[in-house]
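# Breakdown of the fold
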Amino acid sequence: MNPQPQVVSRKKYTMARSNYFQKKETDLYTVGFYNLENLFDTKDDPHTLDDDFLPDSEKQWNRKRYEKKLFKLGTAISNIGFGKTGKSPILLGVAEVENKAVLEDLAKTKHLIHKNYGVIHYESPDERGIDVGLLYQKEFFTVTHSESIKVLVDNEYGERDYTRDILLVTGNLNQEEIHILVNHWPSRRDGAESTAYKRIAAAQKCREVIDNVTAKNPDAKVIVMGDFNDDPHSESIKKHLVQHDFYNPMERLLTRYRGTTSYRSQWNLFDQIVFSHNFHKYEKGNHSFSNASIFDDDFLKIYKGRYKGKPFRTYVGRKYMGGYSDHFPVYVQLKLN
């Protein structure tokens, strides 16, 4: 059985956060992605398979646990990249959210409410009812267009496999037009090799969207983020998504000792942010790439025991642990020149 995880003490954590908030704002801006591990409300949606996340379910998902998870996620999000920028993420793609309402609740939590986050979300056909979304700070980013794009994948029987849509958002980041694609590709639940074709199909659809954007504007700046359920070296990423016009800064972050999610004591880096090469150009008034990292501070980790250092989860199976997520967030930082 998994031991009950413990996080760093409240005193140490409060000290860490107070040190963060002494930072002054810089010309760096954080763009992040975070799989929120089943952020469900406590209401029954008859159109989705949300029965595990109801007060009378075996998981006993109730208002108290929901609000605790929101608070913890808000605390984590507010600190992503803060150490270098003095700002919380100006753009944050998210996965595994049930609906728009849970994102609006998240944006209202103690550490996020003053950031004035806007929320973009569309319902997707995923059978479990989990979707992707985007949080954006209205002070820095203005949305000009958004849409949800279906990923059509069949299972081994030739039947439609309902998965998450791709979210495309276009807007102006400090007056520069940026296109963002938020993804959550099909899982490896039935085996990595036997399901690889599904993630390749998702990657090909993502490239189709990118090509449509750049056909209209060859100089378009594009950021693609998501839980790809594949590592940077996987065929779906290496061959089909990140081609000659794109760069993957996450490729160097995956090691034996570090990743964003862990399975059977092995690290994976399924959560990635990739972008078009023109983010390497220096142009006055525009944004250029500065750095990339995994946000895996100690308070997001299991504190001790066999699973020390792994993500401090909300649930392990049906056992409530009271943590944050089974994934660490990732981020890139852009410099406004």
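Let me sum up the structure you'll find in this document. Residue numbers here run from 1 along each chain, matching the order of that chain's written sequence. In keeping with the predicted nature of the model, local features appear solely for residues at pLDDT of at least 70, side-chain atom pairs appear and are counted solely at 80 or more, and the whole-chain, interface and lining totals rest on all residues. To get the side-chain values, all heavy atoms of the structure are used, and hydrogens and water are removed first.

## Considerations on the sheet that holds strand β9 (residues 176-184)
Rule in force here: A pair of strands is treated as paired once DSSP finds two or more bridges between them. A run of H or I in DSSP counts as a helix once it spans at least four residues, and a run of E counts as a strand once it spans at least two, with each numbered from the N terminus. Throughout, a contact is declared for two residues whenever any of their heavy atoms are within 4.5 Å. To define axes, lines are fitted to C-alpha atoms, for helices over the stretch in contact only, and angles between the resulting N-to-C directions are given on a 0 to 180 degree scale.
Judged by pairing direction, the sheet is mixed, and its six strands sit side by side in the order β5-β8-β9-β10-β14-β11 without closing on themselves. Of all the strands in the sheet, the pair left with one neighbour each is β5 (141-149) and β11 (246-247). Strand direction decides the pairing type here: strand β8 (residues 166-173) and β9, joined by seven bridges, are antiparallel. Bridge pairing in β9 places Gly 171 opposite Ile 178. Each of β5, β8, β9, β10 (222-227) and β11 touches helix α5 (residues 196-216); the most contacted strand, β9, lies at about 165° to it.

## A closer look at the environment of Gly 285
Here is the rule: Three labels apply to residues, based on accessible area from a 1.4 Å probe with only protein chains included: buried if under 20% of the type maximum, exposed if over 50%, partly exposed otherwise in between.
Along the chain, Gly 285 turns up in the loop between β14 (271-276) and β15 (287-294). A relative accessible area of 33% means that Gly 285 is categorised as partly exposed. With 50 residues separating them along the chain, Gly 285 and Lys 335 place their C-alpha atoms 9.7 Å apart. Among residues more than four places away in sequence, those in contact with Gly 285 are Leu 336 and Asn 337.

## Topic: the sheet that holds strand β18 (residues 330-336)
Pairing is mixed in the open sheet, where six strands are placed in the order β3-β4-β2-β1-β18-β15. Every other strand in the sheet has two partners, leaving β3 (117-121) and β15 as the edge strands with one partner each. Ignoring which end each strand starts from, the neighbouring axes of this sheet average 20° apart. Its contacts with the sheet place helix α2 (residues 63-79) against β1 (28-39), β2 (91-97) and β3, and it is angled at close to 160° to β1.

## With respect to α5
At 3.6 residues per turn, the α-helix brings residues three or four places apart onto the same side. So the rule is basically this: Here a helix's expected span is defined as the number of its residues, less one, multiplied by 1.5 Å.
End to end, α5 covers 31 Å across 21 residues, agreeing with the expected 30 Å (1.5 Å per residue, within 8%). Those residues of α5 that fall on the buried side of the exposure criterion are Lys 198, Arg 199, Ile 200, Ala 202, Ala 203, Cys 206, Arg 207, Val 209, Ile 210 and Val 213.

## Topic: the packing of aromatic side chains
Rules: Only centres within 6.5 Å qualify two rings of Phe, Tyr or Trp (six-membered ring in Trp) as a pair; their planes then separate them into stacked at under 30 degrees, edge-to-face at over 60, and tilted for everything else.
Tallied over the full model, the rule gives 17 aromatic pairs. Residues Phe 275 and Phe 289 carry aromatic rings whose centres are separated by 5.0 Å and whose planes lie at 40° to one another, so their mutual orientation is tilted. With a gap of 14 residues between them, Phe 275 in strand β14 and Phe 289 in strand β15 connect regions that are remote in the sequence. With respect to class, Phe 275 is no different from Phe 289; both count as buried. Ring centres 5.4 Å apart and planes at 65° place the aromatic pair Tyr 315 and Tyr 320 in the edge-to-face group.

## Re unusual backbone geometry
Excluding glycine, a negative phi dihedral is what most residues carry, and trans is how most peptide bonds are arranged. Positive phi values are uncommon outside glycine, yet Glu 37 reaches one of about 50°. Relative accessible area serves as the criterion here: at 5%, Glu 37 is assigned to the buried category.

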